[in-house]
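Topology and contacts: notes
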Amino acid sequence: MVIREIKENELNALLELYTHLHELGIPENSEHLRNTWTAICGDENHHIIVCEVEGKPVSSCVCVIIPNLTRNIRPYTFIENVVTHTDHRGKGYAAACLNYAKELAVKADCYKMMLLTGSRSESTLDFYKRAGYNCTDKTAFIQWL
C-alpha cells in the first residue's frame, strides 16, 4: 500500500474509482473536464489523495485547504469524495487516505477538518467517528444547485 497525491496523468483511473462512489459512469472526455482537471492540478490547496495497491488507485479522498480570516487567520480543511473500490473495502485504505489528509492539514496549520456524508449507514458513520470526526459540534445545511 502506498499513500500519495494523485499524478496528473491518472485522471482516468480516478474517474474509474469514482464509479464506486455514486457516479453512474465516467464523464465524457470534454474540454470542460480537461479544464477542470487542469485547474485542480494547478491549485496548491487542492489535494487528491490516493491509496495505491499493486500499482492501481483503490481508495481516494479530496482534501481542500481553505484560507481563512478568522481563528487567528488559520485555514481549515474540507474533505470530500471519500471512496474505496468495492473489492478493497474494509482494509483501512480510506482511513490511510484520511490520515494523509490530516497530515496535510496539520502542516498547513489548519484549525479544523470537516467532511459531509450523505450516507445513513451506521458502518459508514462509525468509520468517520473512528477516523476522529464527530457529528455533534456543528449542523450542516446543504442547498443543491
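Residues numbered from 1 in each chain as written. Predicted model: local features only at pLDDT ≥ 70, side-chain atom pairs only at ≥ 80, totals over all residues. Heavy atoms only, no water.

A word on empty space enclosed by the protein
Taking a probe equal in size to a water molecule and rolling it over the atoms shows the remaining empty space. Just so we agree on the cut-off: Computed over the protein atoms alone on a 1 Å grid, cavities are sets of points where a 1.4 Å probe fits but cannot get out and pockets are open sets with protein on both sides within 12 Å along at least five of seven lines; a residue lines them when it has an atom within 4 Å of a point. Grid points are joined across faces, edges and corners, and a volume is the space filled by probe spheres set on the points. A run of H or I in DSSP counts as a helix once it spans at least four residues, and a run of E counts as a strand once it spans at least two, with each numbered from the N terminus. Gly counts as polar in this scheme, as do all residues outside two lists: the nonpolar Ala, Val, Leu, Ile, Met, Phe, Trp, Tyr, Cys and Pro, and the charged Asp, Glu, Lys and Arg.
Applying the stated criterion across every chain yields a total of one cavity of 30 Å³ or more. Put simply, the largest cavity is a space of about 30 Å³. Lining the largest cavity are Ala13, Glu16, Leu17, Lys56, Pro57 and His85. Contributions of two or more residues to the lining of the largest cavity are made by α1 (11-18) and β3 (56-66). For the lining of the largest cavity, the element with the most residues is α1, which contributes three residues. Partitioning the lining of the largest cavity into residue classes produces three nonpolar, one polar and two charged.

A closer look at unusual backbone geometry
Phi at asparagine 72 takes a positive value of approximately 60°, unusual for a residue other than glycine. Mapped onto the secondary structure, asparagine 72 falls in the loop between β3 and β4 (76-84). Backbone geometry at aspartate 109 places phi at a positive 60°, although glycine is not the residue there. Relative to the assigned elements, aspartate 109 resides in the loop between α3 (93-107) and β5 (113-115).

A few points about the layout of surface pockets
Computed from the structure, the largest pocket encloses a volume of approximately 1600 Å³. As for the largest pocket, its lining consists of 50 residues, and the residues nearest its centre are Leu115, Leu116, Thr117, Tyr128 and Tyr133. Going through the elements one at a time, β4, α3, β5 and α4 (122-130) are the ones with two or more residues in the lining of the largest pocket. What the second largest pocket holds in volume is close to 310 Å³. If you trace the second largest pocket, you find 17 residues lining it, with Leu15, Tyr18, Leu33, Thr36 and Ile40 closest to the centre. Of all the secondary structure elements, the ones that give two or more residues to the lining of the second largest pocket are α1, α2 (31-42), β2 (46-53), β3 and β4. The greatest single-element share of the lining of the second largest pocket, amounting to five residues, is contributed by α2. Partitioned by chemical class, the residues of the lining of the second largest pocket number twelve nonpolar, four polar and one charged.

Topic: the state of the cysteines
Quick note on the threshold: Cysteine sulfur atoms are paired as a disulfide whenever they come within 2.5 Å of each other. Burial classes follow relative accessibility: with a 1.4 Å probe on protein chains only, a residue under 20% of its type's maximum area counts as buried, one over 50% as exposed, and anything between as partly exposed.
Under the defined criterion, the tally for this structure stands at zero disulfides. Cysteine cysteine 51 is unpaired, with the sulfur of cysteine 97 as its nearest cysteine sulfur at 5.3 Å. Residue classification places cysteine 51 among the buried residues on the basis of a relative accessible area of 0%. Cysteine 61 takes part in no disulfide bond, and the closest cysteine sulfur to it belongs to cysteine 97, at a distance of 5.2 Å.

Considering the pattern of salt bridges
Convention followed: The salt bridge definition used is simple: a Lys or Arg side-chain nitrogen within 4 Å of an Asp or Glu carboxyl oxygen.
A complete count under the given rule lists three salt bridges for this structure. A salt bridge links glutamate 10 to arginine 4, with the nearest nitrogen and oxygen atoms 2.6 Å apart. Take glutamate 10 and arginine 4: they sit in the same class, and that class is buried. For the salt bridge of glutamate 52 with arginine 4, the shortest nitrogen-to-oxygen distance reads 2.6 Å. Of this pair, glutamate 52 sits in strand β2 while arginine 4 sits in strand β1 (residues 2-5), and the two are 48 residues apart along the sequence. Each of Arg4, Glu10 and Glu52 takes part in one network of salt bridges that share partners.

Honestly, that's just the spatial picture; any functional story needs more than this.
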